[in-house]
Amino acid sequence: MLQLPLVVTVQVDLGLLLVSLLALWTRLSCLSYPNAVVFDEVYYGQFVSLYMKRVFFIDDSGPPLGHMILAFGAYLGGFDGNFMWNRIGAEYPSSVSVWSLRLLPALCGALCVPLVYLLTLELHFSHLSALGASLLLLLENALIVQSRFMLLESVLIFFVLLTFFSYLRFHNAPKSSWFRFSWLLLCGAACSAAVGVKYVGVFSYLLLLGVASLHTWNVIGDQTVSHVNVCVQCVCRVVCLLVGPVLLYVFWFYVHLSLLYRSGPHDQLMSSAFQASLEGGLSRITQGQPLEVVFGSQVTLRSSTSQPIPCWLHSHKANYPIRYENGRGSSHQQQVTCYPFKDVNNWWIVKEPGRQDLVVSSPPQPVRHGDIIQLVHGMTSRFLNSHDVAAPMSPHAQEVSGYIDFNVSMPAQNLWRVDIANREAESEVWKTVLSEVRLVHVNTSAVLKLSGVSLPDWGFRQLEVVAEKIFKGHSGHLVWTVEEHRYGTSQEQKDREVELHSPTHIDVDRKISFWAKFVELQWKMLTVKQEGSEHKYSSSPLEWITMETNIAYWLHPSTNAQIHLIGNPVSWGLANLSLLIYLLLAAVYLLRRRRGFKDLPDAVWHHFQALGCVCVGGWLVNFVPFLLMEKTLFLYHYLPALCYLHLLSPALLEHAHTHLLRGAHRRVLCVCTAVAMSSVFLSYQNFCPLTFGNPELSANELQALKWRDSWDILYRRR
């Protein structure tokens, strides 16, 4: 029976509450300042605008979840996408809610502080260590700067920390509670989100899988657990940590592609079929085109890997030079190239070899896989030809030309076999946009190929097309797609030239499935890379450890107010020192245990190992891969790794205080710790003007903040 009065007891962790409030204040206060584009906001802002306008784009730096989170913040503020992200420092108009643009990254950055507090507790360290770890994150100037703008590092760090916190919460929960698997579900979702924000999140995900695999192996070996229970637990782990994250990762792309249904500036990176599925652009051009290529069809042929811009098979009224600069001779026949622009000279007519007509018969006769065809250039009537003459820039391959009969014992060799690479049946019909076709030269078995080499001035710097005899598997350089297509009806050349500007309209549905779009988009994001370029503020990974460089994020146009990505030098140094001490301690412990000396009880030793697995392992997987990357890198790439070291420092101090030191040495350690934390705070306070851009400092004060000669701090003398 219900008894009155009802009493509710609430326990509040004041330390957690305090650091949470301070984190919200440091990350969210005056978020609209400066009211100008800050550093990489000029990069991410373009994608936010494209989301607002539902325009398709592709970004090779990472999957779409991070961009969607930024776009959601913009959506909450009523941003319509109408802002030109053309330069750093450009003022935001009053119609743009700067606060909402920066809200979600700032909120994620603030939540990282209490997450580190809770994560330290889940690692079985004291509340004092948890408070110390959270304070190190709270007072880390670089993390504050990176959180307060429309950037993605704070979002990535939040999901990475959430991954390990939720997994450890699951691992530490009572084994009899099935509710703990809700934490494992959250862990899988956080893993997927971390990878969905930036690809570097996969390194933390792999670390988590390694830890989970070890724990699962221990569960399998636990003889006190029934076979059925072991099977159920293993299946739950696989579903939550493998199947769930993969499905969620695909879901991010589903939302991305559902939102971005309009043609945009990045369409040209995608296949013709992908482009035709978007509203506007190529879909507008190809709408109503015939689906099946037939004899008499007028087509444009696009190379499937002409990156980063599209390229179409092309010819024009210009011949190869009689002799090249290196002395080699040519056929002096009409040039055939690949041209990166829409042009009437990109049109070709598919001709049946035994038939003279260049028009579509009635009924139309489809071209199928294995059929022999001729390709006639629409504007010059030259046949696509190849022969045993070396190509101009690729002498190992055959020249491809528009055949001219010079009556010099060089007969035409203009027959080509249609080989549909993605066919589903041997009698497959050649289809517009959908079919990926190899054109095999009948006389020599060479395959029409884009070499990718630019021709000299005599070839108008267009791309070389060759016939390659060595055919190794499915290569995109050998594959061509019909992009524009019409049924030819004019026999006379003059009438045909007019016809080439008048597309026919036959309604055909050419939608491709989500899975086909997902696979293509994923492949492009992983393989199509922007050309790397040096940046004034780029740096190498080894420079990050000692913070040799900084990044000027924003400079006031007329005063000395400025914002820099500079870490807290004291906490940065403590992080490096903690890493070094842990590695030395681990080496000593291992050597002594190998010799039979157990300095620590087994439970404490396992605890020390778990700390290293999460913190040192987390640092390694988020730092070492950058040593192998050939891309432009910046200091902010080090921030996820740095967070693991801030987590390590207080835990290592607690380990030393509890298990290594006694009496007076403990008191000395406490004094040193207090001095270190005071120094961290004073260093944070010292660099606050460069963190928040306020207050404005004089030239002498700015010069005093230049602790390293390699730092680039600008100032105006008055």
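Look up: the structure comes first, before these words.
Predicted, not measured: the structure shown is a model, and the values here were computed from it.

Thresholds, definitions, all that
- Residues numbered from 1 in each chain as written.
- Predicted model: local features only at pLDDT ≥ 70, side-chain atom pairs only at ≥ 80, totals over all residues.
- Heavy atoms only, no water.
- Salt bridge = Lys/Arg side-chain N within 4 Å of Asp/Glu carboxyl O.
- Helix = DSSP H or I, 4+ residues; strand = E, 2+ residues; numbered from the N terminus.
- Buried < 20%, exposed > 50% of the residue type's maximum accessible area, 1.4 Å probe, protein only.
- Pairing = 2+ DSSP bridges.
- 1 Å grid on protein atoms, 1.4 Å probe; cavity = no way out; pocket = protein on both sides within 12 Å on 5 of 7 lines; lining within 4 Å.
- Points joined across faces, edges and corners; volume = space filled by probe spheres on them.
- Nonpolar A, V, L, I, M, F, W, Y, C, P; charged D, E, K, R; others polar.
- Phe/Tyr/Trp six-rings, centres within 6.5 Å; stacked < 30°, edge-to-face > 60°.
- Lys NZ or Arg CZ within 6 Å of the ring centre and 35° of its normal.
- Disulfide = S-S within 2.5 Å.
- Patch = residues over 30% accessible without salt bridge, like charges linked within 9 Å, V, L, I, M, F, W, Y side chains within 5 Å.
- Areas by Shrake-Rupley, 256 points an atom, 1.4 Å probe, with all protein chains shown as cover.
- Axes fitted to C-alpha atoms, helices over the stretch in contact; angles between N-to-C directions.
- Parallel < 35°, antiparallel > 145°, perpendicular 65-115°, else oblique.
- Left-handed = near helix turned anticlockwise from the far one by under 90°.
- Contact = heavy atoms within 4.5 Å.
- Core = buried A, V, L, I, M, F, W, Y, C linked by side-chain atoms within 4.5 Å.

(A) Molecular detail of the pattern of salt bridges. Under the definition given, this model contains 17 salt bridges. For Glu 468, the salt bridge identified is with Lys 449, shortest N-O distance 3.8 Å. Linking Glu 468 in strand E11 (residues 463-468) with Lys 449 in strand E10 (residues 447-454), this pair joins segments that are 19 residues apart in sequence. Take Glu 468: its relative accessible area is 6%, and that puts it in the buried class. What makes Lys 449 partly exposed here is its relative accessible area of 21%. Members of the salt-bridge network, linked through shared partners, are Arg 302, Lys 342, Glu 483 and Glu 484.

(B) Representation of the pairing of E11 within the structure. When you tally the buried positions in E11, you get six out of six residues, the bulk of the element. Every second residue of E11 is oriented toward a common face, with Leu 463, Val 465 and Ala 467 on one face and Glu 464, Val 466 and Glu 468 on the other, all of them buried. Examined bridge by bridge, strand E3 (residues 334-339) and E11 share two bridges and lie antiparallel to one another. From the neighbouring strand, Cys 338 faces E11, where its bridge partner is Leu 463. Relative to E11, strand E7 (residues 398-402) runs antiparallel, the two being bridged by two bridges. The residue of E11 that forms the bridge with Gln 398 is Ala 467. By the bridge criterion, five bridges tie E10 to E11 in an arrangement that is antiparallel. Its bridge partner lying in E11, Lys 449 is registered against Val 466.

(C) Main features of empty space enclosed by the protein. For the coordinates displayed, the defined rule picks out four cavities of 30 Å³ or more. Counted as a void, the largest cavity has a volume near 60 Å³. In this structure, the largest cavity is lined by Arg 27, Gly 109, Cys 112, Leu 137, Leu 143, Gln 146, Ser 147, Glu 153, Ser 154, Ile 157 and Leu 639. Of all the secondary structure elements, the ones that give two or more residues to the lining of the largest cavity are helix H4 (98-122), helix H6 (141-147) and helix H7 (153-172). Taken together, the residues of the lining of the largest cavity break down into five nonpolar, four polar and two charged. Approximately 50 Å³ is the volume found for the second largest cavity. Around the second largest cavity, the lining residues are Glu 153, Leu 156, Lys 198, Val 200, Asn 622, Phe 626, Tyr 636, His 637 and Pro 640. Class assignment of the residues belonging to the lining of the second largest cavity gives a composition of five nonpolar, two polar and two charged.

(D) Region of the structure containing the packing of aromatic side chains. A complete count under the given rule lists 42 aromatic pairs for this structure. Ring plane angle 90° and centroid distance 6.0 Å describe the contact between Tyr 589 and Trp 605, whose orientation is recorded as edge-to-face. Of this pair, Tyr 589 sits in helix H16 (residues 569-594) while Trp 605 sits in helix H17 (residues 602-627), and the two are 16 residues apart along the sequence. Through a chain of ring-to-ring contacts, the aromatic side chains of Tyr 249, Phe 253, Tyr 254, Phe 514, Trp 515 and Phe 518 assemble into a single cluster. Between Arg 486 and the ring centre of Trp 347, over which it is positioned, the NZ or CZ distance is 3.6 Å. Seen from the ring of Phe 274, Lys 517 lies directly overhead, with NZ or CZ sitting 5.2 Å from the centre.

(E) Here's a closer look at the state of the cysteines. Scanning the model with the defined rule gives one disulfide in all. Each sulfur of the disulfide joining Cys 311 and Cys 338 lies 2.0 Å from the other. Here Cys 311, found in the loop between strand E1 (297-303) and strand E2 (312-319), pairs with Cys 338, found in strand E3; they are 27 residues apart in sequence, far enough to count as distant. The pair Cys 311 / Cys 338 is uniform in exposure class, with both members buried. Of all cysteine sulfurs in the structure, the one in Cys 112 sits closest to Cys 108, which takes part in no disulfide; the separation is 7.0 Å. On the accessibility criterion, Cys 108 (11% relative accessible area) is buried. Cys 672 supplies the cysteine sulfur nearest to Cys 670, a cysteine that is in no disulfide, at a spacing of 9.3 Å.

(F) Geometry of a nonpolar patch on the surface. Taken together, the side chains of Val 8, Val 10, Val 12, Leu 14, Leu 17, Leu 21, Leu 24, Leu 107 and Leu 111 present a nonpolar region at the surface, about 830 Å² in accessible area. Only helix H1 (14-28) and H4 provide two or more residues apiece to the nonpolar patch. A per-element tally of the nonpolar patch places H1 first, with four residues. Assignment of secondary structure puts Val 10 in the segment before H1. With relative accessibility at 63%, the residue Val 10 sits in the exposed group.

(G) Highlighting the packing of helix H3 (residues 65-76) against H4. In contact at an axis separation of 7 Å, H3 and H4 are set at 135° when each is read in the N-to-C sense. When the axes of H3 and H4 are compared, the pair comes out oblique. With respect to the hand of their crossing, H3 and H4 are arranged in right-handed fashion. Of the residues in H4, those touching H3 at Ile 69, Leu 70, Phe 72, Gly 73 and Ala 74 are Ser 100, Leu 101, Leu 104 and Pro 105.

(H) The nonpolar core, seen in detail. Counting residues in each nonpolar core, the largest one holds 161 residues, and the members touching the most others are Tyr 167 and Tyr 553. With 13 residues, H7 is the single largest residue contributor to this core. Those residues in contact with Tyr 553 that sit more than four places away from it in its chain are Val 38, Phe 39, Ile 88, Val 145, Gln 146, Phe 149, Leu 151, Ile 563, His 564, Leu 565 and Tyr 636. Core analysis: the next-biggest nonpolar cluster, separate from the first, contains 31 residues, Val 336, Val 350, Val 465 and Ala 467 among them.

(I) Local environment of the environment of Leu 627. For Leu 627, the position within the fold is in helix H17. For Leu 627 and Pro 541, which are 86 residues apart along the polypeptide, the C-alpha to C-alpha distance reads 6.2 Å. If we ignore the near neighbours within four places in the chain, the residues touching Leu 627 are Pro 541 and Leu 542.

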